[in-house]
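# Chain and residue survey
Residues per chain, in single letters:
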Amino acid sequence: MSMRAYLIFSYVILILLLSLGMWAVDEFVIDRMEASNLAFSEEGLMKVTTSSYQIARQILTEYGEAVVEDKAEDVVRDLSYLLKGKKSFDYSQMRRDKVLRALCTQEIPSRHGVAGYVDLIDNKGYAVLHPNRDIEGKNFQAWQEQYPIMWDLVRQSFTQPKVKGYYTFVDTSNHTREKFMALRQVPGTPFIVVAVVNIDDFFTPVLSRIRQASLEVVGDAKVRIKDHAAQMDYQVKAAGLVGGLVFCLLALFSGFYFAHAISRPILHLRRGVEEVGEGNFSVSVPERGAREVIHLAHSFNRLGEKLTDYIAKRDFIRDTFGRYVTMEVVKKLLEDQSALELGGETREVSILMSDIRGFTALTAGMAPEEVITFLNRYLGKMIEILVDYHAVIDEIVGDGILAFFGAPELQEDHPVRAVACALEMQAAMAGINQANKADGLPHLEMGVAVNTGQVVVGNIGSEKRAKYSVVGAHVNFTSRIESYALGGQVLISEDTYQEVKDFITVRDILKAEMKGVPHPATLYEVGAMTGPYNITLPEKLDILIPLPEKLPIHLYRIHEKIVAGGVTKAWVTHLCETGAAIGYEGELATWEDVKIHFLDERGREEAGKIFGKVIAVQAPPDGGQEASIRFTSVPPEITLRIREMAGEG
């Protein structure tokens, strides 16, 4: 059978089958349309309802917050008038004063009942007046562990005149709920007015009414859609029968013309495809026939040029991905082939280096499979954060990472971006350690350094293998800073500090003498960042507590990540969560890495080991030698014991 006959015969059979099938599938289509319309309407109504929920919740939440803050301000104003001019305060007398008690323990109503209350505390956290008299006289610090966010708000109110925020609690029905607190200092007094509400009491009743109304609207819509579907079923069947007959007649005549118009150009296309398959990309075919066939022939004639371009781009992408791995760099190279040339440019960038403290010693006794799992979990999270902040990851050596910001794409805020990235990397260590603990793997501590300066950035290597990297004195200087960063620290250089000082909170300033640096370098420990990133690292207890008696330990010196030997005698005299003061006999050097083991009653090493860095060595007047140790890695179980020994458990 020829192509022309085959097309005509197939076209006629297809039209007949379509005409006969139109009536048979009508019922099925209408049912599907009805179900689809029902689902679409219900989905639309649910979206509108959800949007209404969110808007109502937001408006009523803001209304509730405003009510609480206004109540706190009203109580402060009245209390200032009642206590004006007083120099001292008798809490017992204040609690007997009915006016004061009524003012400072009043209820906060919502539209549907009582939502909260007012109480009065002093600037040390003690409850002076409270609706629950059993709480009066107690310090809110007693609930620090149960409600840490609440205690943090109370603690902020000691130094800030106005504080507000949320914290969660579990009600009597074992449901997690939110409370909103507004704390206001009473001018001229040591007192703080606290207004507290269950914030969802303002919007839960309204949301219930919206939900009920939505269900009623959905039910009514379903009835209307079903009625409309029944009418459409009748109209579609009637119109389909008439239209099908007319369409069959018209299609029969057009089929003859179409078969003739398409068969000849298709033969030309077939011959052209055979030549392309043999590698002749310059082949062309006549552009005649129906419009679609003309377009097809025209597209075929352009196929050779597109295939040539595609092969060239494919080879280019293959070569590019063989030499580069960072997506920012790959994007630049794909846009401009001249970027492949070896060489570089001088540019200011911010360099980030990180390293796990004591990693070699931590993994010394682990199986290779465990080390890979251990390291990949850490690197996976760190690389994810670096990519989110658009860093170029220059190098990963073991547990160490070198990355930079500000190239190849210009980033005006690269110092701020680099410091924020370093803080988020440190903050992510808590989740990594939680997963490690669940798998029975060691606790990790990481040090991070950030430095800003002029470097040479560009393609380094050869025509066969290249790397987009940075070189220069500031890269080495960043490495020096990283060696001073303790576990959990983010240290930045003076140059970086000048760029980000308006956005950060500095916890400590360090003067460090570095190899190859002529003058002592000033380093800054960053604890938090404000602005668009708003990241805060948790603070650790770092006040040394004297121990009632010396605590004997085994102390090992570590050189180049290898245990070099032990100290004959060593003991702890002062201790805290982040460090210790020790006495010893032997030799120790400032900024030297050490490993510490606590001893049991028989003088044997207990399970668990602490890694630390010697930050100071001195000789006391009464003889002997003393050193200050800053811990870089402490297992969680040893942290609990340290808190107990330091009286913080």
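You'll find the structure just up there.
An account of the accompanying structure is given in this report. (Residues numbered from 1 in each chain as written. Predicted model: local features only at pLDDT ≥ 70, side-chain atom pairs only at ≥ 80, totals over all residues. Heavy atoms only, no water.)

### Here's the deal with the overall build of the protein
The helix and strand tally for the protein stands at 14 helices and 22 strands. In the protein, of all internal contacts separated by at least 6 residues, the share reaching a separation of at least 24 is 62%. In the structure as shown, the protein presents an accessible area of about 36700 Å², 56% of it carried by carbon and sulfur atoms. (Helix = DSSP H or I, 4+ residues; strand = E, 2+ residues; numbered from the N terminus. Contact = heavy atoms within 4.5 Å. Areas by Shrake-Rupley, 256 points an atom, 1.4 Å probe, with all protein chains shown as cover.)

### Things to note about the nonpolar core
Counting residues in hydrophobic clusters, the biggest one holds 47 residues, and the most contacted among them are Leu352, Tyr378, Met382, Leu386, Val419 and Ile492. Ranked by residues supplied to this core, first place goes to helix α11 (residues 414–438) with eleven residues. The next biggest cluster of nonpolar side chains, apart from the first, holds 25 residues, and it includes Val76, Leu79, Ile108 and Ala115. (Core = buried A, V, L, I, M, F, W, Y, C linked by side-chain atoms within 4.5 Å. Buried < 20%, exposed > 50% of the residue type's maximum accessible area, 1.4 Å probe, protein only.)

### Remarks on unusual backbone geometry
Here the bond from alanine 407 into proline 408 is cis, since omega is 0 degrees, no more than 30 degrees from zero. For proline 408, the location among the structural elements is in the loop between β9 (400–405) and α11. Residues other than glycine seldom take positive phi values, yet asparagine 174 does so here, at roughly 65 degrees. When you line up the elements, asparagine 174 lands in the loop between β4 (162–170) and β5 (176–185).

### Observations regarding the pattern of salt bridges
All chains considered together, the criterion is met by 18 salt bridges. With its nearest N and O atoms 2.9 Å apart, the salt bridge here joins glutamate 136 to arginine 101. Residue glutamate 136 is found in the loop between β3 (127–129) and α4 (148–157), and its partner arginine 101 is found in helix α3 (residues 98–104); the two are separated by 35 residues along the sequence. Note on arginine 101: relative accessible area 12%, which makes it buried. Shared partners join several salt bridges into a network, and the residues in it are Glu69, Glu73, Lys162, Lys164 and Arg184. (Salt bridge = Lys/Arg side-chain N within 4 Å of Asp/Glu carboxyl O.)

### Describing the packing of aromatic side chains
A complete count under the given rule lists eight aromatic pairs for this structure. Measuring from centroid to centroid gives 4.9 Å for phenylalanine 89 and phenylalanine 191, while their planes differ by 75 degrees, and the two rings are edge-to-face. Highlighted residues: phenylalanine 89 in the loop between α1 (3–82) and α2 (91–96) and phenylalanine 191 in strand β6 (residues 191–198), separated in sequence by 102 residues. Phenylalanine 89 sits in the partly exposed class, given a relative accessible area of 21%. Where phenylalanine 140 meets tryptophan 143, the ring centres are 5.6 Å apart and the plane angle is 70 degrees; that geometry is what we call edge-to-face. One aromatic cluster is present, formed by Phe89, Tyr91 and Phe191 through successive ring pairs. (Phe/Tyr/Trp six-rings, centres within 6.5 Å; stacked < 30°, edge-to-face > 60°.)

### Considering the pairing of β6
The element β6 is extensively covered by neighbouring structure, given that eight of its eight residues are classed as buried. With burial as the criterion, each face of β6 is covered, one bearing Phe191, Val193, Ala195 and Val197 and the other bearing Ile192, Val194, Val196 and Asn198. The pairing of strand β2 (residues 113–122) with β6 spans seven bridges and is classified as antiparallel. If you follow valine 118 over to β6, its bridge partner there is alanine 195. One ladder, built from seven bridges, connects β5 with β6; its direction is antiparallel. Its bridge partner lying in β6, methionine 181 is registered against valine 196. In this structure, the hairpin formed by β5 and β6 is closed by a connection of five residues, where glycine 188 is found at a positive phi of approximately 80 degrees. (Pairing = 2+ DSSP bridges.)

### Remarks on α4
Where α4 is concerned, the buried positions are Met150, Trp151, Leu153, Val154 and Ser157. With its buried residues spanning 155 degrees around the axis, α4 presents them on a single face. The inward-facing, buried residues of α4 contact β2, β4, β5 and β6. (Arc of directions from axis to C-beta.)

### Concerning helix α12 (residues 473–484)
In this model, α12 (twelve residues) spans 17 Å end to end at C-alpha, consistent with the 16 Å of a helix rising 1.5 Å per residue. Every buried residue belonging to α12 is among Val475, Phe477, Thr478, Ile481, Glu482 and Tyr484, and all of these are buried. The buried residues of α12 occupy one face: seen down the axis, they fall within an arc of 165 degrees. (Expected span 1.5 Å × (residues − 1).)

### So, the pairing of strand β21 (residues 610–618)
Sheet topology places strand β20 (residues 593–598) next to β21; four bridges connect them, and they run antiparallel. Within β21, the position partnered with valine 594 by the bridge is glycine 612. Here β21 runs beside strand β22 (residues 625–633); their pairing, made up of seven bridges, is antiparallel. Directly across from glutamine 618, in β22, lies its bridge partner glutamate 626. Between the antiparallel neighbours β21 and β22 lie six residues, among them glycine 623 with a positive phi of about 95 degrees.

### Focus: the environment of alanine 619
Looking at the secondary structure, you find alanine 619 in the loop between β21 and β22. Taking the relative accessible area as the measure of exposure, alanine 619 reaches 64% and is therefore exposed. The sequence separation of alanine 619 and glycine 583 amounts to 36 residues, and the corresponding C-alpha distance is 9.6 Å.

### Focus on the side chain of asparagine 139
Mapped onto the elements, asparagine 139 comes out in the loop between β3 and α4. Ignoring anything within four residues of it in the chain, the contact list for asparagine 139 reads Lys124, Gly125, Tyr126 and Trp151.

### Observations concerning a nonpolar patch on the surface
Taken together, the side chains of Ile13, Leu16 and Leu17 make up a nonpolar region of the molecular surface, amounting to roughly 270 Å² of accessible area. Structurally, the position occupied by leucine 17 is in helix α1. (Patch = residues over 30% accessible without salt bridge, like charges linked within 9 Å, V, L, I, M, F, W, Y side chains within 5 Å.)

Keep in mind that these numbers describe shape and distance, not what the molecule does.
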